[in-house]
Amino acid sequence: MKKMSIGIYVAGFALILQIAALIVYCVNSTNGYYNDLRVTVAALTVVAIVLTAAGAGMTLKQGNDSMLITLLAVAPILLAVALAIFIGARVETIAWVLGSNLEAGNATAMAAVQQAIAGFVVYAVAMAATIVCVFFKQVKE
Amino acid sequence: MKQAGKRSWLGLTSIFATLLAFLVAMGPVAETWRGTINANLGISGSRVVQDLSSENDLYTYKSIWANTNELVAHHKDIGERMSAEGSVLLKNDGNALPMAGANVTLFGMGAYYPFYGGSMGSSAPEGQNVSLAEALTQKGISVNPKMQAVYEAMGSIEDEAGGGFSGPTYLYRPGKLSNSFGVSNEVSGYEIREPSPSIYTEVGGYNANDNGFSQYSDAAIVVFSRPSSEAADYYPGALGIKEGTSAGATDPLGLDDAEREVLALAKQASDKIVVLINSNSTMEIEELKQDSEVDAILWIGTPGNYGMLGVADILSGAVSPSGHLPDTYAVVNANSPAAQNFGMIPYANQDEISDSKGTYADLRAGWYYVTAESIYTGYRYYETRYADTVLGNGNASSAVGASNGSAWAYQNEVSYPFGYGLSYTTFEQTLKSVDVDLGNRTVTAVVNVKNTGSVAGKDVVQLYVSLPYTQYDIDNGVEKAAIQLLDFGKTSELAPGADEDVKISVDMKYMASYDSKGAKTYILDAGDYYFTVGNGAHAAVNNVLTALGRTGLVDELGGSTSGNSANVKTWNLAALDTTTFAFSYDGDVPYAITNQMDDTDLNYWNANKTVTYLSRNDWAGTFPTKIDGLIANSEMLVRLRNDVYEIRHSDVEGTVTFGVDHGAESLKLADLKDVSDFDDERWDYLLDQLTLQDAMDLLSRYDTETEIPSIERPLFPQADGPNGFNGWAIGGTNSNLANRTDSSAPCYMSESDPNAGYSLNTIANEPVMAATFNKELVDEWGQVVGNDSLWVRGAIVWGNGLNTHRLPYNSRNHEYFSEDAMLCNRMGVAYAEGAKKFGLIMAPKHFALNTQETNRVGISEFINEQTAREGDLRAFQGAFEDADVLGAMTAFNRIGCTYMNGHVGVMQNILRGEWGFKGLISTDMVNGDLYFQVRESAIGGVTMMANSSDKMQPDGAWYYFTVDNIKNDAVLTGHLRENAKYLFYAVANSNAMNGFDSSTRMERVTTWWEGLMIGAEVVFGLLTVASLAMYVLSYRKKGEKVG
């Protein structure tokens, strides 16, 4: 195993965020208020996770990070598409809950929407972290 | 360093590609919400292209207003008049009112923070409200400023626990209800929130030694408020009160101790106490009625922006009150038979309802209620039971349902009866004649009204009928109210001593009874029919009882009385008539009327529970109890799971024509503008051009702002609600329309129009309109909304709320007129006819039987056919059958176990068949993808679903709704084509076509935000390519392999 540089730690952080995003999405989509788990969102996120994890594994094994940074460059694109679909599925209820008084007093609705927004944030941060990885060395030369 | 450079280019590539991917992926989302985004930005996504050489008058409908100043002035004027005629004086001891020029003190948080409209739905734009204090001041009544300061100080304190995203809430303003658009096994109690005067000093700076009482002591005006709201309910008794709040209240609609303390403080300020009731749900005010220190009670409902001016007109004496109650004020609301089955009642086997598609909550299928009270809601219960106590029938005096728990007596049960109202003058009504013409199915009454007092005023004539209750009825389960409103009229303002004949002509179909067991159609029983008039239902039934020679009557206030038999006319029918009303005549051929709702009766299903309907034949033995623990059996589960219609893939019923290319001979929708003949063959010619995909999109995507190229369909914006264009400012929409861009176009508004921000939902809520008993005034309001529509170019208003008030606990009663079906019916006709004069589609809602908000999406309402037809359906019938409205919005609820929109018996056979309705039908907001099913909606005749997301994806709830999957189902596609015809017919005959002729084209325009998105996509695309190129080049320079 080669000496790890800061980039690999950031990649690990990004990987954790990607997994967190997936978990938040799955929980939010099956929490009772929403029941609309979309395979596309989950699949795109899983592929991003696999790309990141595989790249990191190969980097650590081979000591060459060119594969990792290439895969890391692709992963946020997948996450972006997943996030857009996720947002598209939540726009209507967010408008109800936050933009009107249609759900005023409905704690379940408010919690579900807040959870969805938290999910957007986690996706966005995961995307940003993954992109940031590309700018860092993964292993010490 | 070199590696860092390469990483940088790749990193930049990743950033730009990610942003590009995000924008591209958001494209469909933005397209889905395009109409909403544009509406909120005040822009339009399309424009009308007009052949300027056209010589046609493009504008069928023209506004009566020359400019927006006239529009605003008319709103203010009718807003004031509506409440002046629609506020109801219930008590006026010692002529406490009027009080011109008085100095008064206002008490209660409701005095300064009343509900002007619904908290949600039919609300009043806050910035336009004229407050009670302002209105009184304008009308010459001075208001105590010191107490005003106290209340305003308390009213400005925010509730730190509330608010959040929806904005601040206030700790001491009248409590609001808890809303939910979801479904739940929980209910929320209501907190009245009136602060006790004991905290006035600490919180509001009240000083008992400097409170202004002595200077403003002519009267103390106390306001008690209860909110109205969509998506919320009150609940009977203690269940309805939020735990730990509202001490001393036994019901959310009763007073609590804090309110009593406010009243006590008011009594310190003045010897004259005037109470205003600011609520659309009838409150329990018997204690105010009985309180000799309370001199006057005025019900004001929720008065809209300008209604307080009308209230002030009454208080000052500028106007003599002429309103009459649209609902019965019961002593204890929870004692009514309907209240026994209301609210949150779960199926006992909720989990069994769940299936592989979703849970019972996803299916919106977990709850129900049974209208075991039969026809006996509101006054039909109280006055019928009263009549039977007098007549000695049906154990009416038994303890069941009695407030005192011993024997039922009218004076213990009703505070103020339906139709009751006082005036500053007195009137004498003489029923001069009643002409019953069975051949022409009409009853015509002439009533002379004379002002016998000393003040000018208007009077209401209420025509009632008492039908015979026969052995046939008992044998066949037909119920008859002892008295029922047939129709009404209102005089002009009569000077003292003046008189006027009021003529009322009513279709006898509205006095026929529905017999679902024997004749299976409408009937008139053999026997004597008694027609009478009176100041409310109680006075009317007393007249009839007196004509029958009965004594021992009590009046509206509980005192001994006798009726006026001279005001009773009798008509006799020799034999049971089962044929005259067995057909409707709204189409080309008579349409047979027979049972359509057998399956909405709980007893149809052979479930573990049955219902015994309340019968006047045995009040004690049939008085409802709560029917809970119902288990949905296998047959019920099929309906509850919303999976009824099976799409056919090899149809044997022929094919349906779509997508014909007529080439140069093609028609546009504008070619059928104002074609009122539904059978004109050009409709079919036009429909032939429609593609199946277009027909499917019309139903499933609900975008009234989407062009349909095959027929050049225009946009036709729509709005809620019963108090006008809800939330629409005059200048807020459709900036690309002709009346925004062409100064010569009718209803032209420049961008700098000073009234551009004026909101149009200004009028009092429907119960106040109903209380006017003035059809002409409601027609006039309909005309105002019709004119509004020409200025804002909105063609549909979901505005005619016609459900009946089954109970005061339905907090959405503010969007419906009354407990009485005929008051709803006649006001619904007036409202629609007024609007229709200006081409507005005034669409009644929520069709039908939507009588509670709790779990309203999908709740099963079990009801027998007589109750439905003589209740909610009769309330709607006039608008469709007599006013020929061109639109309708359906209800959220089920009827029986069946999705409302898919109930063919009601939707197709009654609405379209019996009533001849040819207009468009929209669902309410699609809330619950697995409940609102598109295929069942199509079969039911729905023309557009309030759907705003794509449910036709392979993993969506409407996955089956694709051209390939349904194209061979001639029944389904046939309905889609037929539904499109109804939609086009309505639009073509509305003001949506104003400004159109056959040369008109619709063009989509790229809005600024769409341009921004496209521009960003281009920029990010270019940057992605450039970064990627630099990344590749950075390798090639070194001869490395990109990897």
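Reading guide: rules and limits
- Residues numbered from 1 in each chain as written.
- Chains lettered and ligands numbered in written order.
- Predicted model: local features only at pLDDT ≥ 70, side-chain atom pairs only at ≥ 80, totals over all residues.
- Heavy atoms only, no water.
- Helix = DSSP H or I, 4+ residues; strand = E, 2+ residues; numbered from the N terminus.
- Buried < 20%, exposed > 50% of the residue type's maximum accessible area, 1.4 Å probe, protein only.
- Contact = heavy atoms within 4.5 Å.
- Areas by Shrake-Rupley, 256 points an atom, 1.4 Å probe, with all protein chains shown as cover.
- Lys, Arg positive; Asp, Glu negative; His and termini not counted.
- Charge placed at Lys NZ, Arg CZ, Asp CG, Glu CD.
- Patch = residues over 30% accessible without salt bridge, like charges linked within 9 Å, V, L, I, M, F, W, Y side chains within 5 Å.
- Salt bridge = Lys/Arg side-chain N within 4 Å of Asp/Glu carboxyl O.
- Buried area = accessible area lost by both parts, 1.4 Å probe.
- Polar contact = N/O pair within 3.5 Å; in protein donor to acceptor, adjacent residues only side chain to side chain.
- Nonpolar A, V, L, I, M, F, W, Y, C, P; charged D, E, K, R; others polar.
- Pairing = 2+ DSSP bridges.
- Axes fitted to C-alpha atoms, helices over the stretch in contact; angles between N-to-C directions.
- Parallel < 35°, antiparallel > 145°, perpendicular 65-115°, else oblique.
- Phe/Tyr/Trp six-rings, centres within 6.5 Å; stacked < 30°, edge-to-face > 60°.
- pLDDT = per-residue confidence, 0-100.
- Right-handed = clockwise from strand over helix to strand, strands pointing away.
- Core = buried A, V, L, I, M, F, W, Y, C linked by side-chain atoms within 4.5 Å.

Some remarks on the overall build of chain A
Next up, step 1: Within chain A, the regular secondary structure consists of four helices and zero strands.
Next up, step 2: Reading the secondary structure of chain A in the N-to-C direction produces α-α-α-α.
Next up, step 3: A buried classification covers 50% of the 141 residues belonging to chain A.
Next up, step 4: Of the contacts formed within chain A by residues at least 6 apart in sequence, a portion of 80% connects residues at least 24 apart.
Next up, step 5: Surface accessibility of chain A: about 5900 Å² in total, with carbon and sulfur atoms responsible for 72%.

Overview of the overall build of chain B
Next up, step 1: The number of helices and strands found in chain B is 30 helices and 33 strands.
Next up, step 2: Classification of the 1043 residues of chain B by burial places 63% in the buried group.
Next up, step 3: Relative to all contacts within chain B whose residues are 6 or more apart in sequence, the contacts with residues 24 or more apart total 79%.
Next up, step 4: Element-wise, carbon and sulfur atoms account for 49% of the exposed surface of chain B, whose accessible area totals about 34800 Å².
Next up, step 5: Across chain B, the centroid of the 73 positively charged side chains sits 6 Å from that of the 128 negatively charged ones.

Some thoughts on a nonpolar patch on the surface
Residues and elements named next belong to chain A.
Next up, step 1: Nonpolar side chains collect at one region of the surface, where Met4, Ile6, Tyr9, Val132, Phe135 and Phe136 lie side by side and expose about 510 Å² of accessible area between them.
Next up, step 2: Tracing the sequence through the fold places isoleucine 6 in helix H1 (residues 6-29).
Next up, step 3: On the accessibility criterion, isoleucine 6 (49% relative accessible area) is partly exposed.

Overview of the interface of chain B and chain A
Next up, step 1: On the chain A side, the residues contacting the 36 residues of chain B number 39 residues.
Next up, step 2: In total, chain B and chain A occlude about 3000 Å² of area from one another, counting both sides; carbon and sulfur atoms represent 63% of this.
Next up, step 3: Seen at the junction of chain B and chain A, the total is zero salt bridges.
Next up, step 4: Where chain B touches chain A, the interface holds one residue pair in polar contact (both at pLDDT 80 or more).
Next up, step 5: At 15 residues, helix H1 (residues 2-32) of chain B tops the list of elements feeding residues into the side of chain B that touches chain A.
Next up, step 6: In the side of chain B that touches chain A, the residues fall into 15 nonpolar, 16 polar and five charged.

Quick notes on the sheet that holds strand S11 (residues 427-437) of chain B
Residues and elements named next belong to chain B.
Next up, step 1: Across the sheet, which stays open at both edges, the three strands sit in the order S11-S12-S15 with antiparallel pairing between neighbours. Edge strands, defined here as strands with exactly one partner in the open sheet, are S11 and strand S15 (499-507). Across the sheet, the mean angle separating the axes of adjacent strands is 15 degrees when strand polarity is ignored.
Next up, step 2: Inspection of the sheet shows S11 paired to strand S12 (residues 442-451) by 10 bridges, in the antiparallel sense. Within S12, the position partnered with serine 433 by the bridge is valine 446.

A few points about the side chain of B:Asp599
Residues and elements named next belong to chain B.
Next up, step 1: Within the fold, aspartate 599 resides in the loop between strand S23 (591-592) and helix H16 (619-622).
Next up, step 2: Residue class for aspartate 599 comes out buried when judged on its relative accessible area of 11%.
Next up, step 3: Each residue touching aspartate 599, except ones within four places of it in the same chain, is listed here: Tyr604, Trp605, Arg639, Gly896, Thr898 and His903.

A word on the packing of helix H2 (residues 34-41) of chain B against helix H30 (residues 1008-1036) of chain B
All names here are of chain B.
Next up, step 1: H30 packs onto H2 with a crossing angle of 120 degrees between their chain directions and a minimal axis gap of 10 Å. With respect to their mutual orientation, H2 and H30 come out oblique. Facing Arg34, Ile37, Asn38 and Leu41 of H2, the residues of H30 in contact are Trp1008, Trp1009 and Glu1010.
Next up, step 2: Classifying every residue of the contact of H2 with H30 by side-chain character gives four nonpolar, one polar and two charged.

Observations concerning helix H25 (residues 872-881) of chain B
Next up, step 1: Of all 10 residues in H25(B), 10 are buried; the element is thus mostly enclosed.
Next up, step 2: B:Asp872, B:Leu873, B:Arg874, B:Ala875, B:Phe876, B:Gln877, B:Gly878, B:Ala879, B:Phe880 and B:Glu881 are the residues of H25(B) that are buried.

Quick notes on the packing of aromatic side chains
Here a ring pair, both rings aromatic, is described through the centre-centre distance and the interplanar angle of the planes.
Residues and elements named next belong to chain B.
Next up, step 1: Counted according to the given criterion, the structure contains 43 aromatic pairs over all chains.
Next up, step 2: For the pair phenylalanine 488 and phenylalanine 773, a centre-to-centre distance of 5.1 Å together with 70 degrees between the ring planes defines the contact as edge-to-face. With phenylalanine 488 in strand S14 (residues 484-490) and phenylalanine 773 in the loop between helix H21 (766-771) and helix H22 (775-792), this pair connects stretches of sequence that are 285 residues apart.
Next up, step 3: Classification of phenylalanine 488 as buried rests on a relative accessible area of 1%.
Next up, step 4: Accessibility expressed as a relative area gives 1% for phenylalanine 773, which makes it buried.
Next up, step 5: Ring geometry for phenylalanine 876 and phenylalanine 880: centres 6.5 Å apart, planes at 20 degrees, overall stacked.

Examining the confidence of the model for chain B
Next up, step 1: For chain B, the mean per-residue pLDDT works out to 93, and 96% of the residues sit at or above 70.
Next up, step 2: Reported confidences for the modelled complex are a pTM of 0.90 and an ipTM of 0.95.

Focus on the pairing of strand S31 (residues 920-925) of chain B
Residue and element names in this part refer to chain B.
Next up, step 1: Extensive coverage of S31 is indicated by the burial of six of its six residues.
Next up, step 2: As paired elements, S31 and strand S32 (residues 944-946) share two bridges and run parallel to each other. If you follow methionine 925 over to S32, its bridge partner there is alanine 946.
Next up, step 3: Considered for its hand, the β-α-β crossover made up of S31, helix H27 (residues 934-940) and S32 is right-handed.

Overview of unusual backbone geometry
Residue and element names in this part refer to chain B.
Next up, step 1: For the peptide bond that leads from leucine 97 to proline 98, omega is 5 degrees, which places it in the cis range.
Next up, step 2: Within the element layout of this structure, proline 98 appears in the loop between strand S2 (88-92) and strand S3 (103-107).
Next up, step 3: For alanine 231, which is not glycine, the phi dihedral falls at a positive 60 degrees.
Next up, step 4: Secondary-structure assignment places alanine 231 in the loop between strand S5 (219-225) and helix H8 (257-269).

What to know about the sheet that holds strand S26 (residues 841-845) of chain B
Backbone-to-backbone hydrogen bonds join strands into a sheet, with any given pair of strands oriented parallel or antiparallel.
Residues and elements named next belong to chain B.
Next up, step 1: The parallel open sheet is built from three strands, whose spatial order is S24-S25-S26. Where the open sheet ends on each side, the last strands, each with one partner, are strand S24 (718-720) and S26. On average, adjacent strands in this sheet sit at an angle of 35 degrees to one another, irrespective of strand direction.
Next up, step 2: Across three bridges, the pairing between S24 and strand S25 (residues 796-801) is parallel.

Comments concerning the pattern of salt bridges
Residues and elements named next belong to chain B.
Next up, step 1: Inspection of the entire model under this criterion finds 51 salt bridges over all chains.
Next up, step 2: Here glutamate 1010 ties to arginine 34 by a salt bridge, and the two come within 2.6 Å at their closest N and O atoms. Of this pair, glutamate 1010 sits in helix H30 while arginine 34 is found in helix H2, placing the two residues 976 residues apart along the sequence.
Next up, step 3: A relative accessible area of 6% means that arginine 34 is categorised as buried.
Next up, step 4: Shared partners join several salt bridges into a network, and the residues in it are Glu230, Asp720, Arg812, Glu815, Lys845, Glu853 and Arg856.

Regarding the environment of B:Glu286
Residue and element names in this part refer to chain B.
Next up, step 1: By secondary structure assignment, the location of glutamate 286 is in helix H9 (residues 286-290).
Next up, step 2: Here glutamate 286 falls in the buried class, since its relative accessible area comes to 14%.
Next up, step 3: Remark: the alpha-carbon pair of glutamate 286 and lysine 918, spanning 632 residues in sequence, is separated by 47 Å.
Next up, step 4: Excluding residues that lie within four positions of it along the chain, glutamate 286 makes contacts with Val331, Gln411, Val414 and Ser415.

Description of the nonpolar core
Note that soluble globular proteins tend to have their nonpolar side chains buried in a common cluster.
Next up, step 1: Counting 316 residues, the largest nonpolar core has B:Phe107 and B:Phe847 as its most contacted members.
Next up, step 2: For this core, the leading source of residues is helix H3 (residues 66-99) of chain A, giving 17 residues.
Next up, step 3: Ignoring sequence-local partners within four residues, the contact set of B:Phe107 consists of B:Met147, B:Tyr151, B:Phe213, B:Ala220, B:Ile221, B:Val222, B:Val223, B:Val262, B:Leu265, B:Ala266 and B:Ala269.
Next up, step 4: The next biggest cluster of nonpolar side chains, apart from the first, holds 31 residues, and it includes B:Phe427, B:Val449, B:Leu463 and B:Val502.

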